There are 2 protein chains.
Amino acid sequence: MTHIIQNPEEFAETALAGYCDVYSRIVRPVPGGVVRSTHSEKGKVAFVVGGGSGHFPTFSGFVGRGFADAAVAGDIFASPSTRLVYEVCKMADLGGGIIMSFGNYAGDVLNFGFAAERLRAEGIDARIVHVTDDVASAPKDQISRRRGVAGDIPVCKITGAAADRGDSLDEVERLSRLANASTRSFGVAFGGCTLPGAIEPLFEVKTGMMALGLGIHGEPGIEEVPLAPASDLGKLLVERVLADRPDGSSARVAVLLNGLGTTKYEELFVLWTYIKPLLEAAGLTLVSPIVGEYVTSLNMEGCSLTVTWLDEELEPLWLAPCDAAALRVGNLPDATPAAPLPDAIVVDETVPESSEESRKVGELIARGVKALSDALAGAEGELGRIDAQAGDGDHGHGMARGAAAAAAAAAKAASAGAGAATVLGRASDAWADRAGGTSGAIWGLGLRSAALGLSDTAAPSAETVTAAVLASLENVMALGGAKVGDKTLIDAFEPFAKTLSKRVEAGDSLATAWEKAAKAADEAATATAQLLPKLGRARPLAERSKGHRDAGAVSFALVAHVTSKVE
Amino acid sequence: MTHIIQNPEEFAETALAGYCDVYSRIVRPVPGGVVRSTHSEKGKVAFVVGGGSGHFPTFSGFVGRGFADAAVAGDIFASPSTRLVYEVCKMADLGGGIIMSFGNYAGDVLNFGFAAERLRAEGIDARIVHVTDDVASAPKDQISRRRGVAGDIPVCKITGAAADRGDSLDEVERLSRLANASTRSFGVAFGGCTLPGAIEPLFEVKTGMMALGLGIHGEPGIEEVPLAPASDLGKLLVERVLADRPDGSSARVAVLLNGLGTTKYEELFVLWTYIKPLLEAAGLTLVSPIVGEYVTSLNMEGCSLTVTWLDEELEPLWLAPCDAAALRVGNLPDATPAAPLPDAIVVDETVPESSEESRKVGELIARGVKALSDALAGAEGELGRIDAQAGDGDHGHGMARGAAAAAAAAAKAASAGAGAATVLGRASDAWADRAGGTSGAIWGLGLRSAALGLSDTAAPSAETVTAAVLASLENVMALGGAKVGDKTLIDAFEPFAKTLSKRVEAGDSLATAWEKAAKAADEAATATAQLLPKLGRARPLAERSKGHRDAGAVSFALVAHVTSKVE
């Protein structure tokens with residue numbers, strides 16, 4: 001468990017503040033993350049990394065000369081919000097474009113993706129390279145579905161070196177993709193990690209067993225096998241990684257043997273004595289291998305092996321000097337302190353022109369968002385309990401926080417005279433910005449998609465609203481990647497949208513159709529929710545990770561129900 | 001527990017080999033430890049650190065330019081043998097004298113102390129500075145009795161910087177002592193550590209409690225108190241350290257917030273946000289504070305705060321560049337590789353002149369050592385079990401290993417025609433060299449002291465032998481620091497020596513007197529041994545650490561008994 005703690009809610013933020021103070025030579029804090037405290041040349045590509053906290057020195061420890069320019073830091077194991085990604089990127093921007101990299105997790109894909117869109121809309125060229133090194137998370141022909149684990153280190157080190165060398169955005173992106181395509185990892189866990197403030201670990205590995213292919217947030221492993229002696233463990237790691245060797249790969253490799261938090265240096269060094277000869281026996285030449293704690297998962301017990309096949313382009317970038325908390329290579333000349341940054345990124349909050357009738361709908365929307373916010377606040381504990389039976393129990397809190405921010409933003413916009421589209425749009429942004437995590441991004445996306453179907457000048461018809469809801473469903477399914485039956489909010493959203501559409505088509509009023517749709521959502525969510533207590537905490541790893549999304553269906557149904565009562 | 005392991009016996013040695021491979025840029029292996037792999041100027045003071053393993057990056061990670069020249073590595077939590085200390089020092093020697101530093105533990109004090117004597121006998125000026133930073137281990141007026149914990153880092157960093165700057169041996173010693181006198185630490189533990197291969201931790205801290213003042217090998221804490229929030233914990237650490245502030249100390253300080261292994265970086269950073277303002281509020285200016293895992297204790301949960309009060313001499317040494325696995329500060333020019341080292345240090349094994357009668361006694365001694373070696377080999381399991389009820393269970397193994405080496409050395413010396421003094425002297429060296437740990441050093445010392453009372457030319461009388469035994473007891477008590485009733489081998493040794501002396505005085509033959517003395521030892525040891533099962537593993541921390549020495553009394557009695565039968 002976590003022993004040093006003040007307030008679990010502020011753990012990640014406080015840890016980041018402490019890190020910034022200790023490493024003030026290298027980094028300085030900005031809202032939502034860190035940027036270098038050293039001077040960078042204008043016009044350079046800015047390299048921004050990030051993701052959930054709890055993996056130190058990943059990601060905030062990547063920031064420093066020769067490595068990343070900035071890191072966005074979410075809550076423990078939770079993606080930072082779109083707004084935080086956007087703001088940190090604005091702080092880091094040097095005018096040469098932005099490249100973002102992170103571990104290919106749903107929430108990060110959404111939040112960094114939306115932030116990149118927002119930046120591009122402002123004329124800042126923003127590119128994204130997902131790190132997808134974990135061979136256990138998807139087959140070789142579906143590499144883009146793989147998650148990122150300790151491969152974050154070589155991929156981001158190489159990307160940052162290219163950016164600091166002064167390469168163009170196209171070139172940095174190309175080299176970053178090449179580094180990622182050349183990187184493979186495989187990990188094992190001996191024991192789970194415990195979230196700050198929690199008593200029980202997120203998962204457990206049976207004594208005498210090890211879980212193969214585990215991720216860095218307690219994601220399901222692919223199998224549990226008996227704990228092996230170091231020699232066999234080394235063989236297993238090497239075999240799994242080399243079996244996935246990229247086509248046409250070279251014989252020179254960067255290697256990282258990574259400890260996840262509680263597996264100690266001495267154990268990693270013992271394991272290394274078995275791994276190195278096996279890699280060499282496979283004909284590989286090891287180039288500056290590193291062994292230690294680089295991508296951790298709080299106090300998780302386990303380790304992973306990462307290999308990056310180098311070529312004449314990647315090798316100099318892997319060996320280039322850098323000076324970050326995570327890694328120091330070679331010597332860099334003394335640094336010049338950076339110029340001060342603005343305190344915050346100013347966001348334009350003026351309201352576009354609107355019609356009287358759209359303003360009335362805007363007010364109705366603001367009342368609706370207020371009602372659902374109140375309902376979610378009231379249900380926060382219950383939603384947390386549902387979620388805790390399967391996930392990490394923070395769903396209720398994230399929903400309540402996002403909805404409250406959305407309600408405040410909607411009220412503010414409505415009272416400033418905004419039309420329906422702007423009121424709902426502002427609510428969606430606020431939700432995504434404050435809720436954080438995957439569900440925050442999904443709700444922001446859903447509301448934002450719906451807002452695009454509305455207008456600030458015309459009052460929407462029942463058909464317009466239905467079309468907006470269907471478009472929202474489609475977007476959430478496409479970008480979130482879930483379908484009916486995956487035990488996510490889609491299980492409630494889909495029957496809601498279908499019923500709404502059918503009833504409106506059948507001639508029901510919008511209010512009546514909405515009420516019937518809400519009922520359909522409720523029934524679907526309840527069926528899902530009733531499964532949960534039976535599964536309990538002891539259910540297999542493979543099912544456990546879906547819990548968070550189960551609670552999502554329940555909260556969707558609640559929102560649908562509450563909004564059907566708003567007049 | 002330790003999950004990555006091949007053979008528990010070889011864990012420390014294998015981990016060291018892995019470390020040397022990964023950090024080959026900085027270090028290279030030698031028998032018993034590591035030395036720099038980079039060139040050092042002839043004539044420079046060589047700075048040698050060391051102690052038990054299991055504390056990475058302490059001590060082997062201290063080796064590197066601007067820090068230590070070499071580290072001697074014992075087994076997990078066990079002092080390296082005298083011979084290994086001696087040999088690593090010989091490898092590290094640059095002709096400018098040697099300064100040794102370590103954490104003031106009994107075994108290290110003995111083994112480094114004997115090694116220093118051996119070096120000085122060869123004309124190499126060897127000095128010792130004990131690190132004594134732990135305020136919890138003895139009151140302020142008995143600083144020399146304090147043990148070294150995380151203060152190893154600033155004290156050794158400063159010492160190494162002075163040595164690398166080219167300071168004279170006198171000057172390096174003076175600055176090292178000044179750094180140690182200016183350094184204070186206080187630590188807390190939230191949970192114990194588990195030795196490689198062991199199932200249960202060495203000690204446990206009750207859930208919801210923390211143990212104040214714990215050392216880095218599971219030594220007893222001074223009290224257990226309820227787990228405190230980070231703010232209170234920070235206050236406690238700062239108060240305990242500042243309460244012990246050295247007289248006349250300055251306002252500028254080096255600070256280390258250290259994690260013991262499982263307490264993670266994020267937790268340390270959270271704690272830092274509370275510690276820093278308190279230090280500043282006390283009027284202190286923080287000079288390059290460091291936060292992380294620097295002196296670990298396997299997978300122990302806990303942390304410590306170390307403060308070194310700097311003056312105009314110490315501050316530049318704290319800030320001087322260094323390049324070691326434990327710490328990298330500033331930039332050093334590219335290193336030149338070091339010249340090759342001899343494979344091993346050659347020890348002169350020629351035998352001094354001896355008389356026929358002394359040779360006969362030498363043969364008797366060789367038979368005696370063989371007999372006690374056989375007996376200890378047979379009792380290894382039982383001695384281990386007695387020890388495991390209270391200590392770490394390795395006593396039987398260490399005794400058997402030491403005795404076997406002593407028997408082989410004695411036999412070799414006797415067959416080469418050595419007299420009594422040389423046979424026993426060679427046996428004592430071999431015992432200390434192979435057994436390692438505190439008991440190895442103590443037995444080596446005891447036998448060596450006895451050998452000094454013998455001669456290679458005259459046959460010893462009963463009175464000579466008695467005087468040698470009494471001198472041995474006196475030396476072991478003086479250097480080992482234990483007295484009767486401390487539950488160590490002294491509990492058996494003292495009645496043995498007293499009875500032997502009394503019986504010889506009363507006119508008994510040496511054989512009869514020895515037999516009676518052995519009986520007295522056995523009775524004393526049995527009384528001690530019988531206590532152990534009742535105490536069990538659950539007994540309080542304060543009693544637990546004495547267990548290893550309890551088994552020592554039993555093995556002493558066994559040795560006394562077996563040798564009384566030798567003819």
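Since this is a predicted model, take the numbers as computed values, not measurements.

Caption draft 1: Here's a closer look at the pairing of strand S5 (residues 70-76) of chain A. All names here are of chain A. Burial of S5 is extensive: six of the seven residues sit out of reach of the surface. Of the strand pairs in this sheet, strand S2 (residues 33-36) and S5 are connected by three bridges, and their pairing is antiparallel. Note on S5: the bridge partner recorded for Val34 is Ala71. As paired elements, strand S3 (residues 46-53) and S5 share five bridges and run parallel to each other. Bridging across to S5, Val49 finds its partner in Ala71.

Caption draft 2: Looking closely at the environment of Ala46 of chain A. Residue and element names in this part refer to chain A. Note on placement: Ala46 falls in strand S3. Exposure remark for Ala46: the relative accessible area of 0% places this residue in the buried category. Each C-alpha atom of the pair Ala46 and Lys360 lies 44 Å from the other, and the pair is 314 residues apart in sequence. Not counting chain neighbours up to four residues away, the residues in contact with Ala46 comprise Asp69, Ala92, Asp93, Leu94, Gly97, Ile98 and Ile99.

Caption draft 3: Spotlight on the interface of chain B and chain A. The partner chain A presents 53 residues to the 53 residues of chain B that form the contact. Carbon and sulfur atoms make up 61% of the surface buried where chain B meets chain A, a total of about 4,600 Å² over both sides. In terms of surface lost to chain A, no three residues of chain B exceed His3, Ile4 and Glu266 of chain B, which account for 17% of the buried area on that side. In this structure, the connection of chain B to chain A is made through four salt bridges. Across the pair Glu293 of chain A and Lys264 of chain B runs a salt bridge whose closest N-O atoms are separated by 3.0 Å.

Caption draft 4: The arrangement of the relation of the copies chain B and chain A in detail. After a rotation of 180° and a shift along the axis of 0.0 Å, chain B superposes on chain A with an RMSD of 0.1 Å. Taken together, the rotation angle and the small translation identify this as a two-fold axis. The position closest to the rotation axis in chain B is occupied by the C-alpha of Thr262 of chain B, lying 2.6 Å away. The residues that chain B uses at the interface reappear at the interface of chain A in 100% of cases, marking a shared surface.

Caption draft 5: The arrangement of the nonpolar core in detail. Core analysis: the largest hydrophobic core is formed by 206 residues, its most contacted members being Leu233 of chain A together with Leu233 of chain B. Not counting residues within four places of it along the chain, the set of residues in contact with Leu233 of chain B comprises Ile4 of chain A together with Val188, Phe190, Met210, Ala228, Leu271 and Cys303 of chain B.

Caption draft 6: Broad picture of the state of the cysteines. Here the structure, examined in full by the defined rule, presents zero disulfides over all chains. The structure places no disulfide on Cys20 of chain A, whose sulfur is separated from the nearest cysteine sulfur, that of Cys89 of chain A, by 16 Å. For Cys20 of chain A, a relative accessible area of 4% puts it in the buried group. Of all cysteine sulfurs in the structure, the one in Cys322 of chain B sits closest to Cys156 of chain B, which takes part in no disulfide; the separation is 12 Å.

Caption draft 7: Local environment of the domain arrangement of chain A. Residues and elements named next belong to chain A. For chain A, the domain assignment lists domain 1 (8-322) and domain 2 (356-564). When each unit is reduced to the centre of its C-alpha atoms, the spacing between domain 1 and domain 2 is 32 Å. Taken residue by residue, the interface counts 23 residues in domain 1 and 18 residues in domain 2. A salt bridge links Asp433 to Arg118, with the shortest nitrogen-to-oxygen separation between them at 3.9 Å. On inspection of domain 1 and its partner domain 2, the count reaches three residue pairs in polar contact (both at pLDDT 80 or more). Taken together, the elements giving at least two residues each to the side of domain 1 that touches domain 2 come down to helix H2 (82-92) and helix H3 (106-121). A class-by-class count of the residues in the side of domain 1 that touches domain 2 yields ten nonpolar, six polar and seven charged.

Caption draft 8: Region of the structure containing the sheet that holds strand S15 (residues 322-324) of chain A. Judged by pairing direction, the sheet is antiparallel, and its three strands sit side by side in the order S4-S15-S16 (chain A) without closing on themselves. Of all strands in the sheet, those with a lone pairing partner are strand S4 (64-65) and strand S16 (328-329) of chain A, marking the two edges.

Caption draft 9: Summary view of the packing of helix H13 (residues 462-480) of chain B against helix H14 (residues 490-505) of chain B. All names here are of chain B. At a minimum axis separation of 10 Å, H13 and H14 run at an interaxial angle of 155°. Taken together, the axes of H13 and H14 are roughly antiparallel relative to one another. Note on packing geometry: the crossing formed by H13 with H14 is left-handed. Mapping the contact onto sequence places Ala462, Glu463, Thr466, Val469, Leu470, Ser472, Leu473, Val476 and Met477 in H13 and Ile490, Phe493, Glu494, Phe496, Ala497, Leu500, Ser501 and Val504 in H14. Class assignment for the residues of the contact of H13 with H14 results in twelve nonpolar, three polar and two charged.

Caption draft 10: Representation of the packing of aromatic side chains. Counted by the stated rule, this structure contains 28 aromatic pairs over all chains. Ring centres of Phe56 of chain A and Phe269 of chain B lie 4.9 Å apart, and the angle between their planes is 80°; this geometry places the pair in the edge-to-face category. Residue Phe56 of chain A is found in the loop between S3 and S4, and its partner Phe269 of chain B is found in helix H7 (residues 265-281); the two belong to separate chains. Under the relative-accessibility criterion, Phe269 of chain B is labelled buried at 2%. Within the aromatic cluster, the residues linked to one another by ring pairs are Trp431, Trp443, Phe493, Phe496, Trp514 and Phe556 of chain A. The cationic tip of Arg118 of chain A hangs over the ring face of Tyr86 of chain A; the distance from NZ or CZ to the ring centre is 5.0 Å. Sitting over the ring of Tyr265 of chain B, Lys264 of chain B keeps its end group 4.5 Å from the ring centre.

Here is what the cut-offs are and how they apply
Residues numbered from 1 in each chain as written. Chains lettered and ligands numbered in written order. Predicted model: local features only at pLDDT ≥ 70, side-chain atom pairs only at ≥ 80, totals over all residues. Heavy atoms only, no water. Buried < 20%, exposed > 50% of the residue type's maximum accessible area, 1.4 Å probe, protein only. Helix = DSSP H or I, 4+ residues; strand = E, 2+ residues; numbered from the N terminus. Pairing = 2+ DSSP bridges. Contact = heavy atoms within 4.5 Å. Buried area = accessible area lost by both parts, 1.4 Å probe. Salt bridge = Lys/Arg side-chain N within 4 Å of Asp/Glu carboxyl O. Least-squares fit on C-alpha atoms with pLDDT ≥ 70 in both. Core = buried A, V, L, I, M, F, W, Y, C linked by side-chain atoms within 4.5 Å. Disulfide = S-S within 2.5 Å. Domains from an automatic or database assignment. Polar contact = N/O pair within 3.5 Å; in protein donor to acceptor, adjacent residues only side chain to side chain. Nonpolar A, V, L, I, M, F, W, Y, C, P; charged D, E, K, R; others polar. Axes fitted to C-alpha atoms, helices over the stretch in contact; angles between N-to-C directions. Parallel < 35°, antiparallel > 145°, perpendicular 65-115°, else oblique. Left-handed = near helix turned anticlockwise from the far one by under 90°. Phe/Tyr/Trp six-rings, centres within 6.5 Å; stacked < 30°, edge-to-face > 60°. Lys NZ or Arg CZ within 6 Å of the ring centre and 35° of its normal.

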